[in-house]
Amino acid sequence: QGRRPGCGPDCMPSACRTGFVLAALVVLVGPAQGAFLARRRSSVVAVHCPHSSRRSAPCSAAPALATVPVLAKRSARHVFLDALPTVAYSALVATTVVGAAFLAPVLSAHAALALVGGSIGGPAVARALQVLGPSGCRLATSMGGVPADAALTALAHEAASAVGVPPPKGVYSIPAREPNAFAAGVRGNTAVAVTQGLLDTLSERELKAVLAHEMGHLKHKDVGRNMHVAIVVAGLGGLTHAGLELMRAARAQNVAARRRAGAQRSAGRAGAANGDDAHESSSEPIMGLGAAMCVAGLSTQAVAHALRLGASRAAELEADRAAAEAFGADSVINALTKVSQRAAVHDDLRSSALGASMAHVMISNRPSAADVAFASRSRRAQDKADSTLQRGLGRRWLGRAAQMLSTHPSLEVRVAALRAIN
């Protein structure tokens with residue numbers, strides 16, 4: 001309807017490709033512009049002299065110039081975290097459009113859009129109902145949490161006030177020996193839960209630092225960001241499902257054609273073999289498109305998962321910083337060190353199915369042997385390791401690759417970032 005004269009079936013693929021190019025421009029230009037502005041802001045802050053009231057006054061203080069890499073890194077991290085949901089949903093729309101564009105020459109335009117849109121939209125909607133449904137209090141209760149006593153609730157409210165966020169709707173204590181804590185919930189239905197093992201391991205100030213870390217996640221809206229990225233990852237997995245369905249349909253057509261050809265040959269009809277070969281050759285493009293969609297779905301899902309892991313690591317560093325600004329970097333370092341040492345022995349919270357699915361939002365997620373070894377070092381040895389890490393030495397490619405697959409930075413990285421605050 002409403003086609004211009006001479007517009008054939010190839011018009012729909014052209015429009016789809018145009019839409020994909022526009023979506024790609026939104027995905028690429030938006031974060032790039034934000035990063036450029038962030039770099040400009042960090043450079044302005046770095047050249048401003050903190051000892052002078054004049055903004056244009058020259059600064060001779062070395063600490064101000066030393067903060068340039070830290071400010072630039074923090075600005076880039078903020079841009080990455082803020083732009084991630086927009087980039088993820090833009091990529092989801094672009095994937096839908098380009099998938100329909102590839103299928104339109106083989107199927108009709110409406111059928112291609114329905115197949116790709118349904119395959120991507122169905123899993124995305126299902127995951128959205130799953131992650132957005134339960135509130136933080138219900139999630140903490142399902143993990144065995146009980147309402148905290150007045151003392152723990154008061155500490156949580158003090159930590160929320162120190163970070164600058166409203167107190168959570170619920171504070172819970174989980175009867176587990178593993179020292180851990182997490183924050184959950186969105187849109188005011190937030191909750192913070194700590195384990196009994198954490199209460200037995202940390203001092204009061206260290207416990208307030210851990211609670212401030214969780215309040216930092218609520219302040220930066222990390223829980224909602226993780227939910228949005230999880231929805232996109234589930235939707236991108238639907239592209240692989242659409243490719244498998246195409247390959248299955250083409251294979252079924254080939255089997256049906258062979259059966260018809262066999263029936264015709266048994267009846268003595270001529271030309272049955274030629275018709276069978278022609279039908280198989282006509283289904284080959286569908287098989288190829290299905291295989292291409294499977295590869296594209298797996299690739300985009302892998303990239304989205306890698307971005308999700310990167311966002312999780314960056315969010316942990318920002319939450320550590322919020323806790324350090326509230327109760328001091330040493331309190332956070334001591335808490336993380338004790339948690340890593342004891343979490344390597346007790347994992348009764350993360351060993352459950354629900355705990356394993358929520359491990360990425362906890363303050364500690366499966367400390368590695370390197371984390372435990374670093375936690376057992378003396379302060380002087382840790383300082384030496386921090387200086388080596390800041391110079392970029394001792395980080396072999398294998399360790400970097402392992403970090404890329406982790407939801408949390410290593411204890412060495414977290415301690416080095418916290419000591420840089422001081």
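Residues numbered from 1 in each chain as written. Predicted model: local features only at pLDDT ≥ 70, side-chain atom pairs only at ≥ 80, totals over all residues. Heavy atoms only, no water.

**Student:** Can you explain the overall build of the protein? Please cite residues and give values.
**Tutor:** Regarding its fold elements, the protein presents 16 helices and 4 strands. Per-residue burial over the protein gives 44% buried out of 422 residues. Pairs at least 24 apart in sequence give 73% of the contacts found in the protein among residues at least 6 apart. In the structure as shown, the protein presents an accessible area of about 21500 Å², 61% of it carried by carbon and sulfur atoms. (Helix = DSSP H or I, 4+ residues; strand = E, 2+ residues; numbered from the N terminus. Buried < 20%, exposed > 50% of the residue type's maximum accessible area, 1.4 Å probe, protein only. Contact = heavy atoms within 4.5 Å. Areas by Shrake-Rupley, 256 points an atom, 1.4 Å probe, with all protein chains shown as cover.)

**Student:** Can you lay out the sheet that holds strand β3 (residues 181-184) for me, pointing to particular residues and giving the numbers?
**Tutor:** Reading across the sheet, the 4 strands line up as β1-β2-β4-β3 and stay open at both edges, with mixed pairing between neighbours. Two strands in the sheet have a free side with no partner beyond their single neighbour: β1 (146-147) and β3. Sheet strands in contact with helix α6 (residues 150-163) are β2 (170-174) and β4 (191-195), and its direction is about 125° off that of β2. (Pairing = 2+ DSSP bridges. Axes fitted to C-alpha atoms, helices over the stretch in contact; angles between N-to-C directions.)

**Student:** Provide a residue-level description of the confidence of the model for the protein, including the pertinent values.
**Tutor:** Scored by pLDDT, the protein comes out at a mean of 74, with 70% of its residues at no less than 70. The low-confidence segment residues 1-67 (pLDDT under 50) makes 49 contacts with residues lying over four places distant or belonging to another chain. The low-confidence segment residues 390-394, where pLDDT is below 50, has 4 contacts with residues more than four positions distant or belonging to other chains. (pLDDT = per-residue confidence, 0-100.)

**Student:** Describe helix α8 (residues 204-219), with residues and values.
**Tutor:** An ideal rise of 1.5 Å per residue puts 22 Å on 16 residues; α8 measures up with 22 Å between its terminal C-alpha atoms. Burial of α8 is extensive: 13 of the 16 residues sit out of reach of the surface. Positioned one or two residues after α8, Lys221 has a phi angle of 60°, which is positive. (Expected span 1.5 Å × (residues − 1).)

**Student:** How would you explain the packing of helix α11 (residues 329-343) against helix α16 (residues 411-421) if you had to name every residue and give the values?
**Tutor:** It is the contact of α11 with α16, at a shortest axis distance of 9 Å, that shows an interaxial angle of 170°. Looking at the two axes, α11 sits roughly antiparallel to α16. Of the residues in α16, those touching α11 at Ala329, Val332, Ile333, Leu336, Thr337 and Ser340 are Leu411, Arg414, Val415, Leu418 and Arg419. When its residues are assigned to classes, the contact of α11 with α16 shows 7 nonpolar, 2 polar and 2 charged. (Parallel < 35°, antiparallel > 145°, perpendicular 65-115°, else oblique. Nonpolar A, V, L, I, M, F, W, Y, C, P; charged D, E, K, R; others polar.)

**Student:** Run through the pairing of β2, naming residues and quoting values.
**Tutor:** With 5 of 5 residues buried, β2 is to be regarded as a mostly interior element. Burial along β2 is two-sided: Gly170, Tyr172 and Ile174 facing one way and Val171 and Ser173 facing the other are all buried. As judged from the 2 bridges shared by β1 and β2, these two strands associate in the antiparallel manner. Note on β2: the bridge partner recorded for Val146 is Ser173.

**Student:** Any chance you could break down the pattern of salt bridges for me, citing the residues and the numbers?
**Tutor:** A side chain of one charge can pair with a side chain of the opposite charge when the charged atoms of the two come close. If you walk through the whole model with that rule in mind, you get 7 salt bridges. Between Arg225 and Asp222 there is a salt bridge, with its nearest N and O atoms 2.5 Å apart. Pair noted here: Arg225 and Asp222 are both in helix α9 (residues 222-266), with a separation of 3 residues, about one helical turn. Pair check on accessibility: Arg225 and Asp222 agree, each one buried. Of the charged contacts, one joins Asp320 and Arg414 as a salt bridge, the two residues approaching to 2.8 Å between their closest N and O atoms. (Salt bridge = Lys/Arg side-chain N within 4 Å of Asp/Glu carboxyl O.)

**Student:** Explain the environment of His360 to me, and be specific about the residues and the numbers.
**Tutor:** Here His360 is to be found in the loop between α12 (353-357) and α13 (369-375). Sequence separation between His360 and Ser406 is 46 residues; the distance between their C-alpha atoms is 9.0 Å. Apart from the residues within four sequence positions on either side, His360 is in contact with Arg308, Ser312, Glu316, Asn365, Thr407 and His408.

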